[in-house]
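Report on the structure
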Amino acid sequence: MASPGSRGNTLRRTLLAALITVSVAVPVSGAARPAAVPAPVPAPLAPMRAATPTALAERYAATRDGIRAAERMAVGHGDRKRATELRTMAGPGRHFLSFDGRDGGRTVEVYGDLSRAERIAVLVPGSDTSLDKYWRLRRDSVALERELGEGSAVVAWLGYDTPATVSPGATTPGRADAAAPELRKFVRKLNDLKPAARTSLVCHSYGSVVCGRAASGLEVADIVLYGSPGTGYDNAAALHTRATVWAGRGSTDWVANVPHTKLELPFTTVGFGTDPVSPEFGARPFAAGDSGHSDYLKRDSVSLRNIARIVSGEAASGEPASGEARGSRHA
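Residues numbered from 1 in each chain as written. Predicted model: local features only at pLDDT ≥ 70, side-chain atom pairs only at ≥ 80, totals over all residues. Heavy atoms only, no water.

1. Describing the state of the cysteines
Tallied over the entire structure, the rule returns one disulfide. Covalently, C203 is tied to C211 through a disulfide, its sulfur atoms 2.1 Å apart. Looking down the S-S bond of the C203 and C211 bridge, the torsion is -95 degrees, so its handedness is left-handed. The exposure classification of C203 matches that of C211, with both residues buried. (Disulfide = S-S within 2.5 Å. Buried < 20%, exposed > 50% of the residue type's maximum accessible area, 1.4 Å probe, protein only.)

2. Notes on the nonpolar core
Counting 45 residues, the largest nonpolar core has W157, L183 and L201 as its most contacted members. Not counting residues within four places of it along the chain, the set of residues in contact with L201 comprises V122, L183, V187, C211, L218, V220, D222, I223 and V224. One finds F96, A121, V202 and A288 within the second-largest nonpolar core, a separate group that totals 37 residues. (Core = buried A, V, L, I, M, F, W, Y, C linked by side-chain atoms within 4.5 Å. Contact = heavy atoms within 4.5 Å.)

3. Considering the sheet that holds strand β2 (residues 106-112)
Taken together, the eight strands give an open sheet; going across it, the order is β1-β2-β4-β3-β5-β6-β7-β10, and neighbouring strands pair in mixed fashion. Both outer strands of the open sheet, β1 (96-100) and β10 (284-285), are each paired with one neighbouring strand and no more. Inspection of the sheet shows strand β6 (residues 222-226) paired to strand β7 (residues 244-248) by five bridges, in the parallel sense. For V224, the partnering residue across the bridge sits in β7 and is W246. Packed onto the sheet, helix α7 (residues 207-214) meets β3 (119-124), β4 (152-158), β5 (198-204) and β6 and runs at close to 135 degrees relative to β5. (Pairing = 2+ DSSP bridges. Helix = DSSP H or I, 4+ residues; strand = E, 2+ residues; numbered from the N terminus. Axes fitted to C-alpha atoms, helices over the stretch in contact; angles between N-to-C directions.)

4. Here we look at the packing of aromatic side chains
Going through the model one piece at a time under the given rule, you end up with six aromatic pairs. Geometrically, the ring pair formed by F96 and Y134 is tilted, given 6.3 Å between the ring centres and 35 degrees between the ring planes. Remark: Y134 occurs in helix α5 (residues 134-148) and F96 occurs in strand β1; sequence separation between them is 38 residues. Considered together, F96 and Y134 belong to a single accessibility category, that of buried residues. Seen in terms of ring centroids, Y206 and F272 are 5.8 Å apart; in terms of plane orientation they differ by 75 degrees. Their pairing is edge-to-face. Here F272 lies in the loop between β9 (269-270) and β10 and Y206 lies in the loop between β5 and α7, a separation of 66 residues in the sequence. According to the relative accessible area criterion, F272 is buried, its value standing at 4%. By way of ring pairs, the aromatic residues W157, Y160, Y206 and F272 are connected into one cluster. The lysine or arginine in question, R284, covers the ring of W246, its NZ or CZ lying 5.2 Å from the ring centre. (Phe/Tyr/Trp six-rings, centres within 6.5 Å; stacked < 30°, edge-to-face > 60°. Lys NZ or Arg CZ within 6 Å of the ring centre and 35° of its normal.)

Structure follows, in C-alpha cells:
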C-alpha cells in the first residue's frame, strides 16, 4: 500500500499534469470567443496635472464622449447588449479616467470623490473581466467604496487584457507581464496626483499575478492578495516592495485546489508558485470567512470588512479581526 506521502505526491503530479494540459492544449482564449465588437480609437487625452474637482470633471467629460462614440459604433454593429452597457457607463454619475472599448475593453473608473480622498484602493480584477462582464467589477467597487466610507475612493483598474478562466493565459504569466508596466505607470501617476493619500493595491485572482509583477518599487501602503492562485514568486520578500503584503482566502474558494507550484517549460512558465496564504510565502494573513471565489467584496462579508480595514490603515499594526462581519460604515 502506498504511503500517505506517496499518494500526496501522485495527486500533486496528476493535478500539475492536468494544469499543464489545460495550459498547452486548450486553444488560445481569443480563438474561442465571439468576434470583438468594434470600437473607435480613443481620442488623445490631455495630461492631468492635478486631481482637482475641475480637472477631474474635464477628464470625466472627455472619457464620456469616448464611451458614447463606442456606443454608436456598437449600435452600428448590431450589438444591442454592448450598446446598452456603454450607454449606462456614459451616464452622468459615472467617472472614468480612461476608456478604450477595443479588444474586450480597457477602463479606469473612479468610485467616490478622488479629489478629496485620503485613502485610495486600486482594484485590480482577475480573469474573465471585460466590458461584457463589467457589472461584476462595478459591483465589487461600489461595495468596497461604500464600506470604506467618507474620505475614500476606489479606482477600478481594468487596464489589461484579462485571460479567460480556462485558458493558457490563466495559468501562465504572459498577460500579467504585459499588464504590469501599465499598472506601475498608472499607480505612479496616481501618486503624483495624490501624494498625501494612502494608496493600496487590492488584487483579485489573476490580478494578484499582475500586482506581483508590478510591485517592485511602487509607493503603496498595502498589497492585498485575495482568491490568489499565486504571484509567480516564492515569497513576499521577492516582490521587492516596502508595502505590507496581505493574503486571504475564503473557505469555499475553489482556487485552494489549484496546484501551487511552478513549472519552467522551454516556451513558458506554468503555474504561479507558493500559495500566498501559506506561512512559507510570508504575507500577513487576513480572515476571509466563507467567501467563494467571486464573493470577497460581497456586502456585509467578513472579507469585505477586513479588506476595507487594511485599505483604511486600521489593520496596519496587526491582523484584521476575524469572525462575524459587523455592519457597514455607510448605512
